[in-house]
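Notes for the structure review
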Amino acid sequence: MSEQKVLIIIPTYNEKENIPLIIPEIKKRLPKSNILVVDDNSPDGTSHIAKELAKKIDGIFVLDRSKKEGLGKAYIAGFKWALENEYDLIFEMDADFSHNPDYLPDFIEATNEADLVIGSRYIGGKVNVINWPLKRLLLSYYGNMAARIIAGIKIMDCTGGFKCFRANTLREINLDNVASSGYSFQVEMNFYVQKKGLIIKEIPIVFKDRELGVSKMSSKIISEAFALLWKLRLKSLFSK
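The following refers to the structure shown. (Residues numbered from 1 in each chain as written. Predicted model: local features only at pLDDT ≥ 70, side-chain atom pairs only at ≥ 80, totals over all residues. Heavy atoms only, no water.)

1. Quick look at the sheet that holds strand β4 (residues 89–92)
Worth spelling out the cut-off: Two strands pair if DSSP finds at least two bridges between them. Per the convention used, a helix needs a DSSP run of H or I reaching at least four residues, while a strand needs a run of E reaching at least two, with both numbered from the N terminus. Note on geometry: axes are C-alpha line fits, over the in-contact stretch for helices, and angles between N-to-C directions span 0 to 180 degrees. Here, two residues are considered to be in contact whenever any of their heavy atoms come within 4.5 Å of each other.
Taken in spatial order, the seven strands line up as β3-β2-β1-β4-β7-β5-β8 in an open sheet, and their pairing is mixed. At either end of the open sheet lies a strand with only one pairing partner, and these are β3 (60–64) and β8 (200–204). Strand-to-strand, the axes of this sheet are offset by a mean angle of 20°, without reference to chain direction. Relative to β8, strand β5 (residues 116–120) is paired through five bridges, and the arrangement is parallel. Its bridge partner being in β8, L116 is matched across the sheet by I200. With respect to the sheet, helix α2 (residues 46–56) is in contact with β1 (6–12), β2 (34–39) and β3, its orientation differing from that of β3 by roughly 155°. Those strands touched by helix α3 (residues 71–84) are β1, β2, β3, β4 and β7 (163–166), and its axis lies near 155° from that of β1.

2. Description of the nonpolar core
Burial of nonpolar side chains together is a common tendency in soluble globular proteins. Selection criterion: In plain words, nonpolar cores are sets of buried Ala, Val, Leu, Ile, Met, Phe, Trp, Tyr and Cys residues tied together by side-chain atoms within 4.5 Å. For the exposure calls, accessible area comes from a 1.4 Å probe over protein chains only, and a residue counts as buried if that area is under 20% of its type's maximum, exposed if over 50%, partly exposed in between.
F79, I90 and M189 are the most contacted members of the largest nonpolar core, which totals 34 residues. Of all the elements in the fold, those that place two or more residues in this core are β1, β2, α3, β5, α6 (167–172) and α7 (184–195). Per-element accounting of this core gives the leading share, eight residues, to α3. Residue contacts for I90: discarding those within four places in its chain leaves L7, I9, F79, A82, L83, K163, C164, F165, A167 and L170. Among the nonpolar cores identified, the runner-up in size contains 27 residues, and L30, V37, A110 and A114 belong to it.

3. Here we look at the pattern of salt bridges
In a structure, side chains of opposite charge can pair up when their charged atoms sit close to one another. For clarity, the threshold we go by: The salt bridge definition used is simple: a Lys or Arg side-chain nitrogen within 4 Å of an Asp or Glu carboxyl oxygen.
As enumerated under the stated definition, the model contains 11 salt bridges in all. Where D157 meets R121, a salt bridge forms, and the shortest distance between an N and an O atom there is 2.7 Å. Placement of the pair is D157 in the loop between α5 (134–150) and β7 and R121 in the loop between β5 and β6 (129–130), with a sequence separation of 36 residues. Connected via shared salt-bridge partners are E25, K28, R29 and D102.

4. Some details on the pairing of β5
Within β5, five of the five residues are buried, which leaves it mostly tucked inside the rest of the structure. Of the two faces of β5, the one holding L116, I118 and S120 and the one holding V117 and G119 are both buried throughout. Two strands pair when backbone bridges link them, and β5 and β7 are joined in this way by three bridges, in the antiparallel orientation. Note on β7: the bridge partner recorded for V117 is C164.

5. Structural notes on helix α1 (residues 19–29)
Worth spelling out the cut-off: When we speak of the arc, we mean the arc of directions from the helix axis to the C-beta atoms.
Taken together, the buried positions of α1 are I19, I22, I23, I26 and K27. Here the buried residues of α1 occupy an arc of 130° about the axis, which is enough to place them on one side. Tucked inside the fold, the buried residues of α1 contact β1, β2, α2, β3 and α4 (104–110).

6. A look at the side chain of S42
Here is the rule: What qualifies as a polar contact is a pair of N or O atoms within 3.5 Å, subject to a donor-acceptor requirement within protein and to the restriction that residues adjacent in sequence count only when both atoms come from side chains.
Position of S42 relative to the elements: it lies in the loop between β2 and α2. A polar side-chain atom of S42 sits 2.8 Å from the main-chain amide nitrogen of N14. Polar side-chain contacts of S42 include one of 2.6 Å to the side chain of D39. Excluding anything up to four places from it in sequence, S42 contacts T12, Y13 and N14.

7. A word on the environment of R148
Within the element layout of this structure, R148 appears in helix α5. R148 gets classed as partly exposed once you look at its relative accessible area, which sits at 23%. Along the sequence, R148 and C158 sit 10 residues apart, while their C-alpha atoms lie 8.1 Å from each other. Those residues in contact with R148 that sit more than four places away from it in its chain are I153, I155 and M156.

8. Examining α2
Within the sequence span of α2, burial applies to T46, S47, A50 and L53. In an axial view of α2, the angular spread of the buried residues amounts to 120°, which keeps them on one side of the axis. Among the exposed residues of α2, those pointing more than 90 degrees away from its buried face are H48, K55 and K56. Buried residues along α2 sit in contact with β1, α1, β2 and β3.

See the structure below:
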């Protein structure tokens, strides 16, 4: 089999401190991979910094978007770009080092037996999270429990954002129908992959909270996530 084309999508908004650090680390682990920075018009010049890096490092691309519309919209734009450019494996990854680049080869190996690989913080009965405040940790843990109970998603870490899709998995989903814009996007994508009967595999990771930049979590994002769970439950009920 010929070598697979790998794309790592990094959505950014005001990540000028992190983007010049994370890109070289990714390239050390996966030298032949390409990286797509999807920037939502960051006022801090993140896009410009990424473009300067692209002049020095092969395989770096920047997709500029006109405004901040949330994580989900940025990833959908990146997925469509990836499919148009015929990549085989498509990653989701944060810029802030909460997703350790050391795990990247493990994801690729796991795609040999799965259509979607998720880096899980909660697999095997453990909580592998470093430096999160207790409130944030409890919100994440019980949010994942709610996703399993309400929406019926059979994944321990349904909200995790360190993931690798096979291209055909994304082709199975109507990306234009994915409505979520915040972190609930992760839940919605997992729901659709599961509904298609595709194979989802979780691999253990240790998640470390960002050291540079500012978290994008907000009460609006949390409210959107819980509303989505009930929407997905209704979809499950009426599609039976």
